[in-house]
Amino acid sequence: MKLAEVIESSRIRTDLSLSSKKRVMEEISHLLAGDDGPSQGDIFNALMSREKLGSTGLGHGVAIPHGRVGNLSKTVAAFIRLPHGVDYDAHDGQAVDLIFGLIVPQNATEDHLKLLAAVAEKFSDEEFCEQLRAATSSDAAAALLTQ
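Note that the structure is predicted; figures quoted are calculated from it, not measured. (Residues numbered from 1 in each chain as written. Predicted model: local features only at pLDDT ≥ 70, side-chain atom pairs only at ≥ 80, totals over all residues. Heavy atoms only, no water.)

Describing the pattern of salt bridges
1) Next: The full count for this structure, using the stated rule, is 8 salt bridges.
2) Next: Where Asp89 meets Lys21, a salt bridge forms, and the shortest distance between an N and an O atom there is 3.6 Å. Of the two residues, Asp89 is situated in the loop between strand S5 (76–86) and strand S6 (96–105) and Lys21 in helix H1 (residues 21–32); the sequence distance between them amounts to 68 residues.
3) Next: Shared partners join several salt bridges into a network, and the residues in it are Lys21, Glu51 and Asp89. (Salt bridge = Lys/Arg side-chain N within 4 Å of Asp/Glu carboxyl O. Helix = DSSP H or I, 4+ residues; strand = E, 2+ residues; numbered from the N terminus.)

What follows is the structure, given as structure tokens:
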């Protein structure tokens, strides 16, 4: 499964200023919610439940909030780039400005775990993250995320 299969350009934002981890989680939940799937509230609760197990902040300004959600037929992703990082309880203590949210069906298979690992690997690439930070629009960010 490739990122292009799970993220749509309508779920990518590079123009949001959010002030806290909670606001980030609310906004990523909003982007992940669709017309025919789980509600924004259900997604928010799933992401926050996962977060209680340990921060999804990878370090170096990156977070990958993720969770399993009922009433979902396929994996869905969203991305937010913030102009100013927020405190995210990342293990390195750095503020987070790149957020890649991912929700998977409740009965997700090993393929979904492999996708999460691939996303983490991609966002561990310093050059890739710098390109995302330099992207001049959501379309430019989308091109990077889906290549």
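Details of the packing of helix H4 (residues 126–134) against helix H5 (residues 138–146)
1) Next: It is at 8 Å that the axes of H4 and H5 come closest, and there the two elements cross at 160°. By the criterion of interaxial angle, the relationship of H4 to H5 is roughly antiparallel. Counted together, Phe128, Gln131 and Leu132 of H4 and Ala141, Leu144 and Leu145 of H5 form the full contact between these two elements.
2) Next: Among the residues making up the contact of H4 with H5, the classes are represented as 5 nonpolar, 1 polar and no charged. (Axes fitted to C-alpha atoms, helices over the stretch in contact; angles between N-to-C directions. Parallel < 35°, antiparallel > 145°, perpendicular 65-115°, else oblique. Contact = heavy atoms within 4.5 Å. Nonpolar A, V, L, I, M, F, W, Y, C, P; charged D, E, K, R; others polar.)

Considering the packing of H1 against helix H2 (residues 40–53)
1) Next: Direction vectors running N to C along H1 and H2 enclose 130°, while the axes themselves pass 8 Å from each other. Looking at the two axes, H1 sits oblique to H2. Regarding H1 and H2, the two cross each other, and that crossing is right-handed. On H2, the residues touching Lys21, Lys22, Met25, Glu26, Ile28, Ser29, His30 and Leu32 of H1 are Gln40, Ile43, Phe44, Leu47, Met48 and Glu51.
2) Next: Along the lines of polarity and charge, the residues of the contact of H1 with H2 split into 7 nonpolar, 3 polar and 4 charged. (Left-handed = near helix turned anticlockwise from the far one by under 90°.)

Digging into the pairing of S5
Remember that side chains alternate between the two faces of the sheet whenever the strand is regular.
1) Next: Along S5, 8 of the 11 residues are buried, which leaves the element largely enclosed by surrounding structure.
2) Next: As paired elements, strand S1 (residues 7–13) and S5 share 3 bridges and run parallel to each other. Of the residues in S5, the one forming a bridge with Ile12 is Phe79.
3) Next: Both S5 and S6 contribute to a ladder of 7 bridges, which runs antiparallel. In the strand pairing of S6, Ala77 is matched with Leu102. (Buried < 20%, exposed > 50% of the residue type's maximum accessible area, 1.4 Å probe, protein only. Pairing = 2+ DSSP bridges.)

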